Amino acid sequence: MPEAAPMIVATADDAEDIAKLRDRLAQWMVDKDIKAWVPGEYPAATVAEEAARGEWFVWRDETRALIGVVRVIWHDPEFWGTDDAEAGYIHGLMVAPEWRGGDLGDRIIQFCADYTLANGITRQRLDFSANNSVLRKYYTARGFTALREAPLPPRFHLHGKLNVVLMEKMLA
């Protein structure tokens, strides 16, 4: 695989590409009967609003194709409820299928850690569907600890009511 360009802050102009990648990955999940994302549940307009706030980051290859993205926010009461604390909350971590199997996911997680620390925060958090044992193993191997399960917020109930695993990692 060619080398990815450095990570950059996404703009509203990136929203359509981010939404298309998410829908592409969501369709793969639906095809594999993985209960997590479904196509169309996260529209480009929502991504554009979040990108305008500086929450999305993108990686593109030398042809400018989108190969990886992530959203980082500092509070997440929608998923964490009353346990919401200042942290680098990782959302929407996506790697284009043709880039799977390399270290891009690890590089994105490291970027998130570095970005979180650069903002004076020493805690990282993330969530994923509780039925996804592959992600549990992946994030555990990268130092995250499962704290609890919580209900998936209602706006994501296109698959029905699911639980998410809430994980945390202290950075310093």
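Everything here concerns the structure above.
In this text the structure is predicted, and so the values were computed from the model without any measurement.

Colleague: Can you tell me about the overall build of the chain, naming the residues and giving the values?
Modeller: Per the secondary structure count, the chain includes five helices and seven strands. Going from the N terminus to the C terminus, the chain shows its helices and strands as β-α-α-β-β-α-β-α-β-α-β-β. Its C-alpha atoms give the chain a radius of gyration of 15 Å, within 12% of the compact-globule value 16 Å for 172 residues. Across its three principal axes, the chain shows a C-alpha extent of roughly 40 × 40 × 30 Å. For the chain, the residues scored as buried account for 45% of the 172 residues in total. Across the chain, the fraction of contacts at a sequence separation of at least 24, relative to all contacts at a separation of at least 6, is 61%.

Colleague: For helix H2 (residues 44-52), give the residues involved together with the corresponding values.
Modeller: The complete set of buried residues in H2 reads Ala 44, Val 47, Glu 50 and Ala 51. Relative to the axis of H2, the buried residues are bounded by an arc of 120° and lie together on one face. Among the exposed residues of H2, those pointing more than 90 degrees away from its buried face are Ala 45, Glu 49 and Ala 52. Positive phi appears at Gly 54, one or two residues downstream of H2, with a value of about 80°.

Colleague: Tell me what's going on with the packing of aromatic side chains, and back it up with residues and numbers.
Modeller: The description of two aromatic rings rests on the distance between their centres and on the angle between their planes. Under the definition given, this model contains ten aromatic pairs. Plain terms: the ring middles of Tyr 42 and Trp 56 are 6.4 Å apart, the flat faces sit at 80° to each other, and that makes the pair edge-to-face. Separated by 14 residues along the polypeptide, Tyr 42 in the loop between helix H1 (15-31) and H2 and Trp 56 in strand S2 (residues 56-60) bring together distant segments of the chain. We note that Tyr 42, like Trp 56, is buried. Considering the side-chain rings of Tyr 138 and Tyr 139, the 5.3 Å spacing of their centres and the 75° angle between planes classify their relative orientation as edge-to-face. Judged by relative accessible area, Tyr 138 falls into the partly exposed class, the value being 25%. With relative accessibility at 8%, the residue Tyr 139 sits in the buried group.

Colleague: A description of H1 should follow, citing residues and the corresponding values.
Modeller: Residues spaced three or four apart along an α-helix face the same direction, because each turn holds 3.6 residues. Taking 1.5 Å per residue as the helical rise, H1 with its 17 residues ought to reach 24 Å, and the 24 Å between its terminal C-alpha atoms agrees with that figure. Within H1 the residues assigned to the buried category are Ala 15, Ile 18, Ala 19, Leu 21, Arg 22, Leu 25, Ala 26 and Met 29. Angular distribution of buried residues about the axis of H1 spans 160°; they occupy a single face of the element. Those residues of H1 that are exposed and angled more than 90 degrees off the buried face are Lys 20 and Asp 31. If you follow the buried residues of H1, they end up packed against H2, S2, strand S3 (66-73) and strand S4 (88-95).

Parameters and conventions
- What you see as residue numbers is a count from 1 along each chain, following the sequence as written.
- At least 70 in pLDDT is required for a residue's local features to be given in this predicted model, at least 80 for side-chain atom pairs to be given and counted, and no such filter applies to totals for whole chains, interfaces and linings, which use all residues.
- Side-chain metrics rest on all non-hydrogen atoms present in the structure, leaving aside hydrogens and water.
- Secondary structure is summarised from DSSP: a helix means a run of H or I of at least four residues, a strand means a run of E of at least two, and numbering begins at the N terminus for each.
- Throughout, radius of gyration means the C-alpha value; the globule benchmark is 2.2 Å times the number of residues raised to the power 0.38.
- Relative accessible area decides the class of each residue, using a 1.4 Å probe on protein chains only: under 20% of the type maximum gives buried, over 50% gives exposed, and in between gives partly exposed.
- Working rule for contacts: check all heavy atoms of both residues, and any pair within 4.5 Å makes them a contact.
- Regarding the arc, it is the one traced by the directions from the helix axis to the C-beta atoms.
- A pair of Phe, Tyr and Trp rings is counted when the ring centres sit within 6.5 Å of each other, with Trp represented by its six-membered ring. The angle between the planes then sorts it: under 30 degrees is stacked, over 60 is edge-to-face, the rest tilted.
- In this scheme, a helix's expected span is set at 1.5 Å multiplied by one less than its residue total.

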